[in-house]
Amino acid sequence: MSVIETNNLTYSYPNAKNPSIKNVSITINKGDFVILTGPSGCGKTTLCRCFNGLVPHFYNGTLEGKITVAGLDVYKNQIHELARHVGLVFQNPENQLFALSVEKDVAFGLENFAMPRKEMRKRVDWALKKAGICELTERPPHELSGGQQQRVAIASVLAMQPDIIILDEPTSFLDPLGAEKIFEVISNLNKELGITIVLVEHRLDLAAKYANHVVVMNNGEVALSGAPREIFTSEKARLIGIGIPKATKLYQHLKNHGIDLKTIPVTPQEAAKLLREALTNA
Amino acid sequence: MLEVKDLYYSYSTGFEALKGINLTVNDGEFLAIMGQNGAGKTTLVKHFNGLLKPTQGQVLVDGVSTCDISVAKLARDVGFVFQNPDHQLFSETVEDEIAFGLKNFGFEESVIQKQVEWALNLLDVVQYRKTSPFMLSGGERKRVALASILAWDPKVVILDEPTIGQDHRQKEKLQHFILQLNAQKKTVVVVTHDVEFVAECNPRVILMRGGQILLDGMAEQILNNADLLAQASIVPPQITKIFLELEDLGLPTDVIDVHEATEILVKRLNKQS
Amino acid sequence: MSVFEGFKFRKVSSLVHDLDPRVKFFFVLVLFVMALLFTNIFALTVLFLVPLPFVFVAKVNRQWLRSLRGALLLAIFIFATNFIFGFLYPTSFSQITPPVDTGYEYLVLLERSISMTLRFVVLIASFSVFFLTTSPDHLGLALQQSRVPYEFCFAFTTAVRFVPVLADEAQTIMDAQKARGLELEKGNLLKRVRNYIPILIPLIVNAIRRSLELAEAMESRAWGANKNRTNLYALKLRGSDYLLVVISVLMLVVAVYIWLNVSIPSLSAILYPAGV
């Protein structure tokens, strides 16, 4: 069952000479964990903003083609209506937190929905628990680390109980440990709650193991779409220049030397296991 | 040459960020300072150009204590590229931006023009010379900021988290560029938590935690010490992780590069069969 | 900057901190009105002493004193203006006919100037206690519950939330430009002002970029979905709040009564009964 479907989606920002995305046709199914990647400027960020209606409602410009999100036609629904189904977590942790305490930020979307206070309280506590930040409830955002701030942003979006959560390079400003924590949180949301995840990410080394679908964009178009292991070993991916996981690269190099590890590893653990088999069986 | 002798630094809030740092960086060295956010990396490098002065201890740049010269004078020899280019860019054109530092240091007009030209070419931003820096993309702004620091040809170049927000190709280019700088006898200090980037460049690595130096050595020798790295909240590079898991099979663990890894494994597997 | 330190909220728990901001504001407003009513030095001194018990209960002594110290410069300026002006144009401020000659007339002028200064100090003293004991969050909530349009309340709390962020950013920008050889303290006045351009422009540009990102985030979290937003917290008036309201009203009533019916002697009249 598809939750996001686009057909020949093309968009140009106002006064732009060229479109930022061209003829993008993708389908994302319920429960998918999709990694959206590609070189800077390939249109990933613009595409994300189409998914929650910022394009075209906030940015205006010219949007063509079909796009349906959670069964809603993006053209015909306002951003706040789409917000009931799609949440967007942005790159900069600092600039998406407005309140003076964590719980007020998490409640923000619910306050906008005019939810009654009792229900809101329960939702806020639930979201804080799922994001693993219960101990930060009353803290002001300025005192938190980047990683903690991003988890607050995730909780704020989660509280609105969307079907889909989109994260636009959420770990850019975080150190590897902070990044890992974020991926674990969203992976849990995907597995436990069935929330569809669209993750825009360059650090495929860390994120690849969670995904069941990878979309690679280049110059505004979708260049590749499919299962992670296929994409990472494709020549096209290498030419476009995405950060293919080292484990996969090692697999390819070994293959070029005539050594076939049978399955394609994406993580060091998988690679080590395959190598151990190869080394002890040889 | 940079010398740090028993450096202690406390912020005005009372927080002790550096607790007894001893370090010598020789001319032409390539050094990566690694550690978790908050370990004191940026605090340390801010002492190299005098932005911060020691609470206790000494920092010497070419034999002169940083307490005895102004930041402006130190900046002539120690260029500092900040993490966010938007904290520096303010001029009407890219040209003006690059000329800013040169003007501050009192260079002659003819020299300024020559250096600006050189810097524009070096960072591949010639086509933007008359463009406003605010009109450029994120990656281009980073290049302009870098060009504006290199323009006055400092002996030491410090880069604070240069790989943040960069895609794969941009990181590769940055790698080559930094290695090039180092090949031109510049002392390069990179503050980063990107262990893959460090693995690709293979510099001297200083690992910091809680304001102290935990480890100091070449990348290959340090990055396989999983326990100490964990203390600094750093994970070993992906390739090293693979070899650490296979340690019991007699494989070396000081492997950080894919090509080296392939060679070792091919040899071993061919030997066995 | 110490005068600002004196107004910054600190998170501590006390009876005063827990009072409803609207009630506290009403109390401070009453003090302000009373300070405007009276010009007598004794009355104003009493008014100055009124916030003191609140300061002690809230344990904000040091910060409160700091705010007074910060206002010292302005207080001296007010005193000087009053004294000099009163010296040059006596009839405009009292019944003294020019020129100011006798020791008594100087005393009246001095007392008058001190009273005016004291009025200003009472204002600072009472408002300082208010801001020191009211969290910006509570303040925003109070504004909202007082029917101020939500856009303004939100703008207020968001601005407060970003003050430390902007302060840090300003410092970083200064460091970044100093690292390019910028010397802020060098040169004549004109040069020094121009030296701040490389600091201000990045600050402003980043503020604009930040606002855009914030707007995106707000929209994405359903800003504008409903005209009547609900709120996670609501301010509820308690016993101590009602008590303070009663005290305030009583104070006002007593003050107005005294102002209308009682003539409090001035200090000068007490010291020099013959001079009148």
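Residues numbered from 1 in each chain as written. Chains lettered and ligands numbered in written order. Predicted model: local features only at pLDDT ≥ 70, side-chain atom pairs only at ≥ 80, totals over all residues.

**Looking at helix 4 (residues 109-122) of chain B**
Residue and element names in this part refer to chain B. Quick reminder of the rule: A run of H or I in DSSP counts as a helix once it spans at least four residues, and a run of E counts as a strand once it spans at least two, with each numbered from the N terminus. Here the expected length of a helix is defined as 1.5 Å per residue gap, with one fewer gap than residues. Buried means a residue has 20 or more other C-beta atoms within 10 Å of its own C-beta, exposed means 12 or fewer, and partly exposed covers the counts in between; C-beta atoms are placed from the backbone. Each C-beta atom gives one direction from the helix axis, and the arc is the one those directions make. Here, residue contact means that the backbone-derived C-beta atoms of the two residues sit within 7 Å.
For helix 4, with 14 residues, the first-to-last C-alpha span of 20 Å sits near the 20 Å given by 1.5 Å per residue. The complete set of buried residues in helix 4 reads I112, V116, A119 and L120. Within helix 4, the buried residues cover an arc of 100 degrees as seen down the axis, which keeps them to one side. Residues of helix 4 that are exposed and angled more than 90 degrees away from the buried face: S110 and N121. For helix 4, the secondary structure elements touched by its buried residues are helix 3 (94-104) and helix 5 (138-150).

**Overview of the domain arrangement of chain A**
Residues and elements named next belong to chain A. Condition: For every domain, the bounds stem from an assignment made automatically or drawn from a database.
For chain A, the assigned domains read domain 1 (2-232) and domain 2 (245-282). On a C-alpha basis, the centres of domain 1 and domain 2 stand 33 Å from each other. Listing elements by their share of the side of domain 1 that touches domain 2, those giving two or more residues are helix 8 (204-207) and helix 9 (228-232).

**Re helix 11 (residues 246-256) of chain A**
Within helix 11 of chain A, the full set of buried residues consists of K246, A247, T248, K249, L250, Y251 and L254 of chain A. Summarising the contacts, the buried residues of helix 11 of chain A are in contact with helix 8, helix 9 and helix 12 (268-281) of chain A together with helix 10 (238-245) and helix 11 (258-272) of chain B. Directly after helix 11 of chain A, the chain includes G258 of chain A, whose backbone phi takes a positive value near 90 degrees.

**Overview of the interface of chain C and chain B**
Interfaces are frequently sized by the accessible area removed from exposure as the parts join. Keep this limit in mind: Polarity classes work like this: nonpolar for Ala, Val, Leu, Ile, Met, Phe, Trp, Tyr, Cys and Pro, charged for Asp, Glu, Lys and Arg, and polar for all others, with Gly in that last group.
Contacts between the two partners involve 17 residues from chain C and, on the opposite side, 18 residues from chain B. Contributions of two or more residues to the side of chain C that touches chain B are made by helix 10 (150-178) and helix 12 (197-220) of chain C. Taken together, the residues of the side of chain C that touches chain B sort by class into 9 nonpolar, 4 polar and 4 charged.

**Considerations on the pairing of strand 10 (residues 212-218) of chain B**
All names here are of chain B. Worth spelling out the cut-off: At least two DSSP bridges between two strands are needed for those strands to be called paired.
Relative to strand 10, strand 9 (residues 204-209) is paired through 6 bridges, and the arrangement is antiparallel. Its bridge partner being in strand 10, V205 is matched across the sheet by G217. As consecutive antiparallel partners, strand 9 and strand 10 are separated by 2 residues, and within that stretch G210 has a phi angle of approximately 50 degrees, a positive value.

**Considering unusual backbone geometry**
Residues and elements named next belong to chain A. With omega at 5 degrees, the peptide bond leading from V55 into P56 counts as cis. Summarising the element assignment, P56 is placed in helix 2 (residues 54-58). In this model, N15 sits at a positive phi of 65 degrees, which is unusual for a non-glycine residue. Mapped onto the elements, N15 comes out in the loop between strand 1 (2-12) and strand 2 (21-24). Classification of N15 as exposed rests on a count of 6 C-beta atoms within 10 Å. A positive phi angle is found at K262, which is not glycine, with a value near 75 degrees.

**What to know about the interface of chain C and chain A**
Across the contact, 26 residues belong to chain C and 34 residues belong to chain A. Of all the elements in the fold, those that place two or more residues in the side of chain C that touches chain A are helix 9 (136-145), helix 10 and helix 12 of chain C. For the side of chain C that touches chain A, the element with the highest residue contribution is helix 12 of chain C, accounting for 7 residues.

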